[in-house]
Amino acid sequence: MDSKQLLQQYATGKTNFQSIRIRSADLLEADLIGVNLAKAELSSGNFMMAYLTRVDFSEANLSNSRFSGANLNQSKLVSARLNNADLHGSSLQGADLRSAQLTLANLLDANLMDCDLRNANLSGANLSGACLRGANLREEGSNRSSNLRGANLHQTDLRGANLSGADLARVDLSQADLADATLRGADLRGANLRGSNLTGAILSEADLSEAILDNASLVNARLDRAKLIGAQANNSDFTSVTLADANLKHGSFIGAVMVDAKLARCDASRADLTGVNLQRGILSEGYFARTNLSQTNLTEAILIRAEISSANLNGADLAGATMPDGSTYRR
Amino acid sequence: MVPSWLLDEVAQQLESQAERRQIHQLAFAANQNRWPEDLNLLDLYRLRDLVQDLTRSYSSFEELKQALRRALSQAPESKAFIPAGRTLLKITRQAYQGDSSAAALPSEASLDGFNPSEPAAQRLSPFETRSIDADSNPFPPLPYDEISATLEQSPSATRIKKLLYAVCSGEWSNDPVMLGRFRFTNLLKQLHKMSANEEALHSALRNVVVTLNRQMEYELVAQLIQRECHQLYTPLEQLSTSQPAPDPELQSPTQAVYSTEDPFSTGPERISGSGVDPIPLGFYDDDDTPEPTGVLIPMGIDGDQGNRLQRENLTTSPSQQPLDAPPASERAPEQWDNPDYTDSSQTDSAQGNPNPVEQQAQSLDWQGLAELRVELMRYANPLRVKILLFSTLYYPFDLNSSGDWSKLQTETLGDLTLRLMEQFTSHDSLDEQLQLMACQLMPSDEYGNAAGAIARALRPFYP
């Protein structure tokens, strides 16, 4: 079968084309709404600007195909092979992409809102400017979570997305919108989150070691038991953040805002918190061995049983703070 | 034998046309003496090869014209291919440089309504367009507003607007709502950008007027527009007085002689004989109610040679471009081809006084930008939105140009949206430009939808 025959048969009402083989199909701007192309061999095809809503591409081979500007809303792409596919500016809203292979795919400015991407492999994919609002990328069962290793998620909209357990190590998430996203247990080691929006995000038990979070917003985010070893979060906003039991060792938080932050039992040894505003912060039982707390604002902070004996407190303002021994600091 | 580079050039220009699919089909039909039953078949034939075959099969321009006429007479819907035929002839004419019939000779007079001696510059390159862009020259601001005010106060203001719109968009409209979306000033800017000199302006207006059923009235309207626009051209012409004069034969508009047999004729006569169905080509004015059936091709209007000369003059003239100015190729994309573009060195913002919209665009954080993107993606195709934004900011996007695709990949939808906000200080002018550009892109209804989505999404950011 060739592209022409496919279109002709579709025009006569046939919709089941399961397992067909058309190599380098030319289906530019084609209207194939609702067809069944499951297990089809359609690699290197041209589907640019095509209308493919509700098409079943499950287990189809679509590697190296061009889907730029195609409308794939609510399509079924479970276990589809989309390696190196060009999906620039395509629309995949509500598509089922579970276990899809999207290695090195170009998803620049794609609409992936409400997509199911559980267990999808997006390693090396370009998701710059893409919108994944409400998408599901969480770990599923005993299988591996979505793989986004090496992906480009610069300015990607992941607001409210579920990325629990996702592999985001060394991913570029700069200026990404992750507000209210769930990143519980996600691997964000070495990730670039510079200027990202993590307001209200859930990062409990996430690994952010060596991640870059400069100028990011983490207001009301939950980072309890998270690892931020060697992370760099200068001038970030951690207002009302929960960092209880978090590991901040060797991290750099210069100039950050941590007003009303909860840092109980955190390990901030050897971290640099110069000039941080920790007003009303809860640092009880925190471990601040050789932590640089110079020029910090610790007014009305609670430091009960915190280890600050070796911390650098030069120029710190402790007015009204509850000290480790339970006393209130007086100037 | 046509040199390879020239064939490349011709093919590239043809590929950049909005009606390239029709051109492709017509070139195929003229070569094969049959129309393709399956459009997929066309993809097996490169347009360049088809043009090469045409130039080999038809050794003179006149023969080529006859071949296209024959092909059109067999076309399933011949009228739909008339604009493509005009464009194909106009551009392919370059390949017949040595052929006297390709110059403005008697045979061409029968081609009134289109002029093969006009340049294939529906899309000037960004640099060429920049050289004639009124906003970019070093002269004082051009009096668009004053001219607009004069035209708006004219008793024929409605007709003036219809004519301006038709020249700029390539479509005739009697719809007052549609026309109401466009400001005189922006239409004038667009017209000025499209017309490199007064002859070109004359041709642009006249090409529309001759398709109308009220030619007398619109001839007067065209004269009025031309009279008022005279001041827009004075500085450029003064500058080029020392340069060789363009070939008058190529520059001057052809006399109107209508042929009853020429399917390309846009005169009042209808085609008869030779198996061709009567093809209505004229535009109709409001009072006559029939829907317009012709589609005009908006062009950068100028004679080939004159255009080339003028481009050389303008790009090399020290008084046009300061010696220390960066070459066009090194300028930022936003300086290329935007009628509303204002050189940053001349904007208020450069003097520390940014306009409110620009300020808002600058202060729009990722959160606001993300909301904007969601709004755009929900109601329009993201790629079409990008292509429309790109085309409005720079120049009409060419789907067949790998260079344009590369440029599109370098900017996200968010980047382009912010850039648009920075460049358009009023929502009305932004809306107009989007609508105008949407009309030039195919399929225009899809891009019209994208234009509406963009305008709606950006509305809250304008006062």
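For the structure itself, look to the data block above.
Given the structure is predicted, the values throughout are model-derived calculations rather than measurements.

J.: Give a description of the packing of helix α5 (residues 61-73) of chain B against helix α6 (residues 78-92) of chain B that names residues and reports values.
T.: Residue and element names in this part refer to chain B. Look at α5 against α6: their axes get within 10 Å of each other, and the N-to-C directions meet at 165 degrees. By the angle between their axes, α5 is roughly antiparallel relative to α6. Read as a crossing pair, α5 and α6 show a hand that is right-handed. Contact residues: α5 offers F61, L64, K65, L68 and L72, while α6 offers S78, F81, I82, G85, L88, L89 and T92. Of the residues assigned to the contact of α5 with α6, the class counts are eight nonpolar, three polar and one charged.

J.: Outline the environment of E29 of chain A, supporting the account with residue identities and numerical values.
T.: Residues and elements named next belong to chain A. Along the chain, E29 falls in the segment after α1 (3-11). A C-alpha to C-alpha distance of 6.6 Å links E29 and Y51, two positions 22 residues apart in sequence. When residues no more than four places from it in sequence are discounted, the contact partners of E29 are M48, M49, A50 and Y51.

J.: Lay out the side chain of D167 of chain A with the relevant residues and their values.
T.: As for its position among the elements, D167 of chain A is in the segment after α1. Among the polar contacts made by the side chain of D167 of chain A, one reaches the main-chain amide nitrogen of A169 of chain A at a distance of 3.3 Å.

J.: Pulling in residues and values, what's your account of the side chain of T55 of chain B?
T.: Residues and elements named next belong to chain B. Relative to the helices and strands, T55 is located in helix α4 (residues 47-57). Under the relative-accessibility criterion, T55 is labelled buried at 13%. With sequence-adjacent residues up to four places away left out, T55 is seen in contact with V2, A95 and Y96.

J.: Give a description of the interface of chain B and chain A that names residues and reports values.
T.: Each partner contributes to the interface: chain B provides 26 residues, whereas chain A provides 33 residues. Of the roughly 2400 Å² buried at the junction of chain B and chain A (both faces included), carbon and sulfur atoms supply 51%. Applying the counting rule to chain B against chain A returns three salt bridges. A salt bridge links E371 of chain B to R133 of chain A; the shortest N-O distance between them is 3.2 Å. On the surface where chain B and chain A come into contact, there are 10 residue pairs in polar contact (both at pLDDT 80 or more). Listed by contribution, the elements that provide at least two residues to the side of chain B that touches chain A are α18 (366-379), α19 (382-393), α20 (402-409), α21 (413-423) and α23 (444-458) of chain B. With eight residues, α18 of chain B is the largest single contributor of residues to the side of chain B that touches chain A.

J.: With reference to specific residues and values, describe the pattern of salt bridges.
T.: Inspection of every chain in the model, using the stated rule, returns 23 salt bridges over all chains. For the salt bridge of D116 of chain A with R118 of chain A, the shortest nitrogen-to-oxygen distance reads 2.6 Å. For R159 of chain A, the salt bridge identified is with D177 of chain A, shortest N-O distance 3.1 Å. Pair noted here: R159 of chain A is in the segment after α1 and D177 of chain A is in the segment after α1, with a separation of 18 residues, a long-range link. What makes R159 of chain A buried here is its relative accessible area of 16%. A relative accessible area of 2% means that D177 of chain A is categorised as buried. Ionic contacts of the salt-bridge type, sharing partners, join the residues R133, D157, R159 and D177 of chain A together with E371 of chain B into one network.

J.: Break down the environment of H250 of chain A for me, citing the residues and quoting the values.
T.: Looking at the secondary structure, you find H250 of chain A in the segment after α1. Separated by 18 residues in sequence, H250 of chain A and Q232 of chain A place their C-alpha atoms 9.0 Å apart.

J.: Describe the packing of aromatic side chains, listing the residues and the values that go with them.
T.: Counted according to the given criterion, the structure contains eight aromatic pairs over all chains. Relative to F67 of chain A, the ring of F47 of chain A lies with its centre 4.6 Å away and its plane at 5 degrees, an arrangement referred to as stacked. Of this pair, F47 of chain A sits in the segment after α1 while F67 of chain A is found in the segment after α1, placing the two residues 20 residues apart along the sequence. Neither F47 of chain A nor F67 of chain A differs from the other in exposure class; each is buried. Here the aromatic rings of F57 of chain A and F67 of chain A are separated by 6.1 Å at their centres, their planes lie at 80 degrees, and the arrangement is edge-to-face. Here F67 of chain A lies in the segment after α1 and F57 of chain A lies in the segment after α1, a separation of 10 residues in the sequence. Judged by its relative accessible area of 0%, F57 of chain A is buried. For F67 of chain A, a relative accessible area of 1% puts it in the buried group. An aromatic cluster is defined as three or more aromatic residues linked by ring pairs; in this entry it consists of F390, Y394, Y395, F397 and W405 of chain B.

J.: Can you tell me about helix α12 (residues 184-194) of chain B, naming the residues and giving the values?
T.: Within α12 of chain B, 11 of the 11 residues are buried, leaving the element largely enclosed by the surrounding structure. Taken together, the buried positions of α12 of chain B are F184, T185, N186, L187, L188, K189, Q190, L191, H192, K193 and M194 of chain B.

J.: A description of helix α2 (residues 20-32) of chain B should follow, citing residues and the corresponding values.
T.: Residue and element names in this part refer to chain B. Between its terminal C-alpha atoms α2 stretches 18 Å, which fits the 18 Å expected from 13 residues at 1.5 Å a residue. Most of α2 sits out of view: 10 of its 13 residues are buried. The set of residues buried in α2 consists of R20, I23, H24, Q25, L26, A27, F28, A29, A30 and N31. Backbone geometry just after α2 places N33 at a positive phi near 55 degrees.

Scoring rules and cut-offs
- Residues numbered from 1 in each chain as written.
- Chains lettered and ligands numbered in written order.
- Predicted model: local features only at pLDDT ≥ 70, side-chain atom pairs only at ≥ 80, totals over all residues.
- Heavy atoms only, no water.
- Axes fitted to C-alpha atoms, helices over the stretch in contact; angles between N-to-C directions.
- Helix = DSSP H or I, 4+ residues; strand = E, 2+ residues; numbered from the N terminus.
- Parallel < 35°, antiparallel > 145°, perpendicular 65-115°, else oblique.
- Left-handed = near helix turned anticlockwise from the far one by under 90°.
- Contact = heavy atoms within 4.5 Å.
- Nonpolar A, V, L, I, M, F, W, Y, C, P; charged D, E, K, R; others polar.
- Polar contact = N/O pair within 3.5 Å; in protein donor to acceptor, adjacent residues only side chain to side chain.
- Buried < 20%, exposed > 50% of the residue type's maximum accessible area, 1.4 Å probe, protein only.
- Buried area = accessible area lost by both parts, 1.4 Å probe.
- Salt bridge = Lys/Arg side-chain N within 4 Å of Asp/Glu carboxyl O.
- Phe/Tyr/Trp six-rings, centres within 6.5 Å; stacked < 30°, edge-to-face > 60°.
- Expected span 1.5 Å × (residues − 1).

Just geometry here; none of it tells us what the structure is for.
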